[in-house]
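What follows is the residue order along each chain.
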Amino acid sequence: MAGRLEGKVAVITGAASGIGRASARRFAAEGAHVVVADLDEGGGTALAEELGGLFVRADVTSADDVQAMYAAAIERFGGLDVLFNNAGISPPDDDSILETELDAWRRVQEVNLTSVYLCCKYGIPLLLEHGGGSVINTASFVAVMGAATSQISYTASKGGVLAMSRELGVQFARQGVRVNALCPGPVNTPLLRELFASDPERAARRLVHVPMGRFAEPEEIASAACFLASDDASFITASTFLVDGGISGAYVTPL
């Protein structure tokens, strides 16, 4: 039985770890040709070899690198069907607006928001040439909620990803390109574990607000990304696709 992504070519940024790695494995299991894009050459190469895919070292804040990434994908696999723009950072110096300095603000905006702009700017025309496709941009549940434990630039960047995805989804809806913002809740990734290991109190304050009482696993977010990439999601575009364990719908959580 063919997988849901049989024969599709998918480029996943930030694919060497966390949500990206889990998604690369899920996409490949569903029949996709996967392009693993990351700065981590060791991890990215090993994953691409495991999946029979292609590793491309790419700084997604660089227009030249993004264009070269897509060119490599097309040279290897002959086309492009899915863009999963997932790369992102959450550094410790991005905190309350009272503490976050301008250089930290700009660095997070570049990696989390400008990279999505570049990947869409240069990737969507290639999808149009190929007859359409799916774009999945990783936003976050913080794009629709506020938090007193702030990471101000991260939150603002994800709000930008959400708004941009919505607009692109509307703009290209009749040309066969679907664009959706995937909005995970807190996910058990190295990024989150590193953040919370340095501040257990902050971790506890966040976890209590998740109705399911736990953080998501990367594979659960990968399943949502796979759905949005597939033809099963053919009537879904410009959506705020929340996969957050109920956190954005909660007023009081269960004991």
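The name given to the protein in an unreviewed UniProt entry is NAD(P)-dependent dehydrogenase (Short-subunit alcohol dehydrogenase family), with the source organism recorded as Petropleomorpha daqingensis. The annotation that UniProt attaches to the protein under Sequence similarities (unreviewed entry) is "Belongs to the short-chain dehydrogenases/reductases (SDR) family."

## Describing the pairing of strand β3 (residues 54-57)
One ladder, built from 4 bridges, connects strand β2 (residues 33-38) with β3; its direction is parallel. Opposite A37, over in β3, you have V56 as the bridge partner.

## Quick notes on the environment of Y251
In this fold, Y251 is placed in the segment after β7 (240-243). A C-alpha to C-alpha distance of 8.5 Å links Y251 and H209, two positions 42 residues apart in sequence.

## Remarks on the nonpolar core
V11, V66, M69, Y70, L80, V135 and L168 are the most contacted members of the largest nonpolar core, which has 33 residues in total. Counting residues per element, the ones that place at least two in this core are β1 (9-13), β2, β3, α3 (63-77), α4 (102-129), α5 (152-171) and β6 (177-184). When residues no more than four places from it in sequence are discounted, the contact partners of L80 are V9, V11, Y70, A73, G123, L126, L127, H130 and G132. Counting residues in hydrophobic clusters, the runner-up holds 26 residues, among them F55, V187, A224 and L228.

## A short note on the sheet that holds strand β5 (residues 133-138)
What the 7 strands build is an open sheet, ordered β3-β2-β1-β4-β5-β6-β7; its pairing is parallel. With partners counted over all chains shown, the strands left at the sheet margins are β3 and β7, one partner each. Across this sheet, the average inter-strand angle for adjacent strands is 20 degrees, counted without regard to direction. Sheet analysis places β5 next to β6, joined by 6 bridges and oriented parallel. Within β6, the residue paired with V135 across the bridge is V179.

## With respect to helix α8 (residues 218-229)
Taking 1.5 Å per residue, 12 residues should reach 16 Å; α8 reaches 16 Å between its end C-alpha atoms and fits that length. Those residues of α8 that fall on the buried side of the exposure criterion are P218, I221, A222, A224, A225, C226, L228 and A229. Buried residues along α8 sit in contact with α1 (18-29), β4 (82-85), β5, β6 and β7.

## Section: the environment of L83
Take L83: it is sitting in strand β4. By relative accessible area, which is 0% here, L83 ends up buried. With 21 residues separating them along the chain, L83 and S62 place their C-alpha atoms 17 Å apart. With near-sequence residues (within four places) excluded, L83 lies in contact with V11, Y70, C119, G123, I124, L127, S134, V135 and I136.

## A few points about a nonpolar patch on the surface
Among the surface-exposed residues, V144, M145 and L242 lie close enough to one another that they form a single nonpolar patch of about 210 Å² accessible area. Position of M145 relative to the elements: it lies in the loop between β5 and α5.

## A look at the packing of α4 against α5
Running from N to C, α4 and α5 cross one another at 15 degrees; their axes reach a closest spacing of 8 Å. Here α4 lies roughly parallel to α5, going by the angle between them. The way α4 lies across α5 gives a crossing that is right-handed. Along the contact surface, α4 presents A104, W105, V108, Q109, N112, L113, V116, Y117, C120 and I124, while α5 presents I152, S153, Y154, A156, S157, K158, G160, V161, M164 and L168. The class makeup of the residues in the contact of α4 with α5 is 14 nonpolar, 5 polar and 1 charged.

## Here we look at the pairing of β1
Burial analysis of β1 places 5 of its 5 residues in the buried class, which makes it a mostly covered element. Residues of β1 alternate between two faces, with V9, V11 and T13 on one and A10 and I12 on the opposite face, all of them buried. For β1 and β2, the ladder comprises 5 bridges, and the chain directions are parallel. Bridged to A10 within β2 is V34. In this fold, β1 hands off to α1, which returns the chain to β2; that crossover is right-handed. Bridging between β1 and β4 involves 3 bridges; their strand directions are parallel. Within the sheet, the bridge partner assigned to A10 lies in β4 and is V82.

What counts as what
Residues numbered from 1 in each chain as written. Predicted model: local features only at pLDDT ≥ 70, side-chain atom pairs only at ≥ 80, totals over all residues. Heavy atoms only, no water. UniProt positions renumbered as here; feature names shortened; annotations may be inferred. Pairing = 2+ DSSP bridges. Helix = DSSP H or I, 4+ residues; strand = E, 2+ residues; numbered from the N terminus. Core = buried A, V, L, I, M, F, W, Y, C linked by side-chain atoms within 4.5 Å. Buried < 20%, exposed > 50% of the residue type's maximum accessible area, 1.4 Å probe, protein only. Contact = heavy atoms within 4.5 Å. Axes fitted to C-alpha atoms, helices over the stretch in contact; angles between N-to-C directions. Expected span 1.5 Å × (residues − 1). Patch = residues over 30% accessible without salt bridge, like charges linked within 9 Å, V, L, I, M, F, W, Y side chains within 5 Å. Areas by Shrake-Rupley, 256 points an atom, 1.4 Å probe, with all protein chains shown as cover. Salt bridge = Lys/Arg side-chain N within 4 Å of Asp/Glu carboxyl O. Parallel < 35°, antiparallel > 145°, perpendicular 65-115°, else oblique. Left-handed = near helix turned anticlockwise from the far one by under 90°. Nonpolar A, V, L, I, M, F, W, Y, C, P; charged D, E, K, R; others polar. Right-handed = clockwise from strand over helix to strand, strands pointing away.

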